[in-house]
Amino acid sequence: MKKRAFSGVQPSGVLHLGNYFGAIKRFTDFQDDYDCFFCIVDLHSITVYQDPEELPKLINDTALYYLAAGLDPQKATLFVQSDVPCHAELSWMLECVSTFGELSRMTQFKDKSKGKESFSSGLFTYPVLMAADILLYDTDVVPVGEDQKQHVELCRDLAQRFNSRYGETFKVPEAVIPEFGARIKSLQNPDKKMSKSDPNPLGYISLSDSKDDIVNKIRRAVTDSGREIVYSPEDKPAIANLMTIYSLCTGLEFSEIEEQFEGKGYAAFKQALADAIIETLAPVQEKYREYAESGIISSILKQGAEKANEVSSQVLKRAKQRMGLSLLLDPTKRKLS
Ligand code: ATP
Ligand code: LTN
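Undergrad: Help me understand the packing of aromatic side chains, please; the structure alone is not making it clear to me.
TA: Each aromatic ring pair is summarised here by two numbers: the centre-to-centre distance and the angle between the ring planes. For the structure on display, the rule yields 19 aromatic pairs. With 5.8 Å between their ring centres and 45° between their planes, Phe79 and Tyr137 make a pair best called tilted. Pair noted here: Phe79 is in strand β3 (residues 76-80) and Tyr137 is in the loop between α7 (121-135) and β4 (141-143), with a separation of 58 residues, a long-range link. Assessed through its relative accessible area of 0%, Phe79 is described here as buried. Judged by its relative accessible area of 0%, Tyr137 is buried. Judged by centre distance (5.7 Å) and plane angle (70°), the ring pair of Tyr246 and Phe261 falls under edge-to-face. Of this pair, Tyr246 sits in helix α10 (residues 237-250) while Phe261 sits in the loop between α11 (254-260) and α12 (265-294), and the two are 15 residues apart along the sequence. As far as the burial class goes, Tyr246 and Phe261 line up, both buried. One aromatic cluster is present, formed by Phe6, Phe37, Phe79 and Tyr137 through successive ring pairs.

The following block contains the structure:
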């Protein structure tokens, strides 16, 4: 039997190059060898306010980009988190196994709540919902970017704690983090990751950016002092980030990039980088348009939700049984209307 992979992306904005290289493009590498479940985690996205008029479009768009990046719905299950009620239900059960102290140590929570007078409780319990997502599918591996490593560690801790407290229930999953491309930095601040919630759009290249946007954003990307194209993340973090993106787009090694741009300076490199990004995104944008026009996405998501409900309800039932909760409404009998 194939091992199972599970991952998720929030529909919290237009996807960017970091999401593409660090997540959705990599997911497609798993679909031949693993039984894959990929989730659009809309319940996670509402931990910060989302306009209810906009959210359905963002959910739809995120799904379309999964397909445009090469995800094959015949091979992998693609679904929306809020279509599968077991996620929120198991999340509560796991909240009662997690501690306030360990959630307070999550760096993403610290970053996102920093300086804010008020934030939702959901932002605090966010990683527990993520643990529920993963554990409901008896997941073996979780492909994610570097920023999610701590959350997957928490998920493992919760699974082990639940198992030792209530008896063997959950499979303990492992994060799979790429050696390369796991953390693409902001074009405006190489200390920060490229993020779709960055208020400054110059910080990220979104998958829907036009050629002009891409040329403009790369031209205005911050650089380091000097003018040589050399890969040195400590001394030249901005150039190292741009070289990482160039390498991901072209497949060239850093030494080859250094050779290609020896004595040429930043402007020539930036021009080549913009061209490489445009070339990488063109087929993705083309496929996105085709899928959008075909209108096929809603039936893919419906089938995906049915399959996800089938699998997750078995695991939820097991967990409820172990905890001694009522099984009067058997989750395995629920049907989508
Ligand atoms: P937000 O800014 O709203 O928190 P995000 O851009 O970080 O969102 P997520 O939906 O949280 O995106 O992440 C989706 C996936 O993309 C995750 O697997 C995450 O690790 C990966 N990812 C996000 N940003 C980057 C990045 N800059 N480089 C590489 N991978 C990334
Ligand atoms: N927290 C993740 C998104 C996410 C996820 C998951 C990733 C939610 N549930 C389950 C992997 C597995 C993020 O912000 N990138």
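Undergrad: Got a minute to help me understand the site of ligand 1 in this structure?
TA: Taken together, 22 residues form the shell around ligand 1, and within it Lys112, Asp147, Lys193, Ser195 and Ser197 come nearest. Between Lys112 and ligand 1, the recorded distance is 2.5 Å, taken from a side-chain N or O atom to an oxygen atom. For ligand 1, a nitrogen atom lies 3.0 Å from a polar atom in the backbone of Met194. With the chains in place, 97% of the 600 Å² that ligand 1 exposes on its own is no longer accessible. No other element matches the four residues that helix α1 (residues 17-30) contributes to the shell around ligand 1.

Undergrad: Explain a negative patch on the surface to me, please; I cannot follow it from the model alone.
TA: A cluster of acidic residues, Glu253, Glu256, Glu259 and Glu262, forms a negative patch on the protein surface. If you trace the backbone, Glu253 turns up in the loop between α10 and α11. The class of Glu253 is exposed, set by a relative accessible area of 51%.

Undergrad: Would you take a moment to explain unusual backbone geometry for this structure?
TA: Only a minority of non-glycine residues have a phi that is not negative, and only a minority of peptide bonds are not trans. Backbone geometry places Asp138, a non-glycine residue, at a positive phi of 45°. Residue placement: Asp138 occurs in the loop between α7 and β4. For Asp138, a relative accessible area of 23% gives the class partly exposed.

Undergrad: How do you make sense of helix α8 (residues 149-166) when you look at a structure like this?
TA: Residues lying three or four places apart along an α-helix face the same way, a consequence of the helix completing one turn every 3.6 residues. Here α8 is 18 residues long and its end C-alpha atoms lie 26 Å apart, about the 26 Å a rise of 1.5 Å per residue gives. Taken together, the buried positions of α8 are His151, Val152, Leu154, Cys155, Leu158, Ala159, Phe162 and Asn163. Down the axis, α8 shows its buried residues gathered within 170° of arc, on one side only.

Undergrad: Just checking my understanding: could you explain the pairing of strand β1 (residues 3-9) for this structure?
TA: Two faces make up the sheet, and in a regular strand the side chains alternate between them. Among the seven residues in β1, five count as buried, and that is most of the element. In terms of strand pairing, β1 meets strand β2 (residues 34-40) through seven bridges, oriented parallel. Directly across from Ala5, in β2, lies its bridge partner Cys36. Following the chain from β1 across α1 to the adjacent parallel β2, one finds a crossover that is right-handed.

Undergrad: I'm lost on the site of ligand 2 in this one. Help?
TA: Residues in close proximity to ligand 2 total 13 residues, the closest being Gln10, Tyr126, Met130, Asp133 and Gln148. Take Gln10: an N or O atom from its side chain is 3.4 Å from an oxygen atom of ligand 2. Measuring from an oxygen atom of ligand 2, one finds a side-chain N or O atom of Tyr126 at 2.6 Å. For the shell around ligand 2, the secondary-structure elements that each account for two or more residues are β1 and α7. Take the shell around ligand 2: its biggest share by element is four residues, from α7. Across the shell around ligand 2, the residue classes break down as seven nonpolar, five polar and one charged.

Undergrad: Got a minute to help me understand the packing of helix α3 (residues 55-68) against α12 in this structure?
TA: Geometrically, a packed helix pair is captured by the angle between its two axes and the distance between the axes. Packing of α3 against α12 brings their axes to within 8 Å, and their N-to-C directions diverge by 120°. As the angle between them shows, α3 and α12 are arranged oblique. Between α3 and α12 lies a crossing of right-handed hand. Residue-level inspection shows Asp61, Leu64, Tyr65, Leu67 and Ala68 of α3 in contact with α12, the latter providing Val284, Lys287, Tyr288, Tyr291 and Ala292. In terms of residue class, the contact of α3 with α12 is made up of eight nonpolar, no polar and two charged.

Parameters at a glance
Residues numbered from 1 in each chain as written. Chains lettered and ligands numbered in written order. Predicted model: local features only at pLDDT ≥ 70, side-chain atom pairs only at ≥ 80, totals over all residues. Heavy atoms only, no water. Phe/Tyr/Trp six-rings, centres within 6.5 Å; stacked < 30°, edge-to-face > 60°. Helix = DSSP H or I, 4+ residues; strand = E, 2+ residues; numbered from the N terminus. Buried < 20%, exposed > 50% of the residue type's maximum accessible area, 1.4 Å probe, protein only. Near = heavy atom within 4 Å. Polar contact = N/O pair within 3.5 Å; in protein donor to acceptor, adjacent residues only side chain to side chain. Areas by Shrake-Rupley, 256 points an atom, 1.4 Å probe, with all protein chains shown as cover. Patch = residues over 30% accessible without salt bridge, like charges linked within 9 Å, V, L, I, M, F, W, Y side chains within 5 Å. Salt bridge = Lys/Arg side-chain N within 4 Å of Asp/Glu carboxyl O. Lys, Arg positive; Asp, Glu negative; His and termini not counted. Charge placed at Lys NZ, Arg CZ, Asp CG, Glu CD. Expected span 1.5 Å × (residues − 1). Arc of directions from axis to C-beta. Pairing = 2+ DSSP bridges. Right-handed = clockwise from strand over helix to strand, strands pointing away. Nonpolar A, V, L, I, M, F, W, Y, C, P; charged D, E, K, R; others polar. Axes fitted to C-alpha atoms, helices over the stretch in contact; angles between N-to-C directions. Parallel < 35°, antiparallel > 145°, perpendicular 65-115°, else oblique. Left-handed = near helix turned anticlockwise from the far one by under 90°. Contact = heavy atoms within 4.5 Å.

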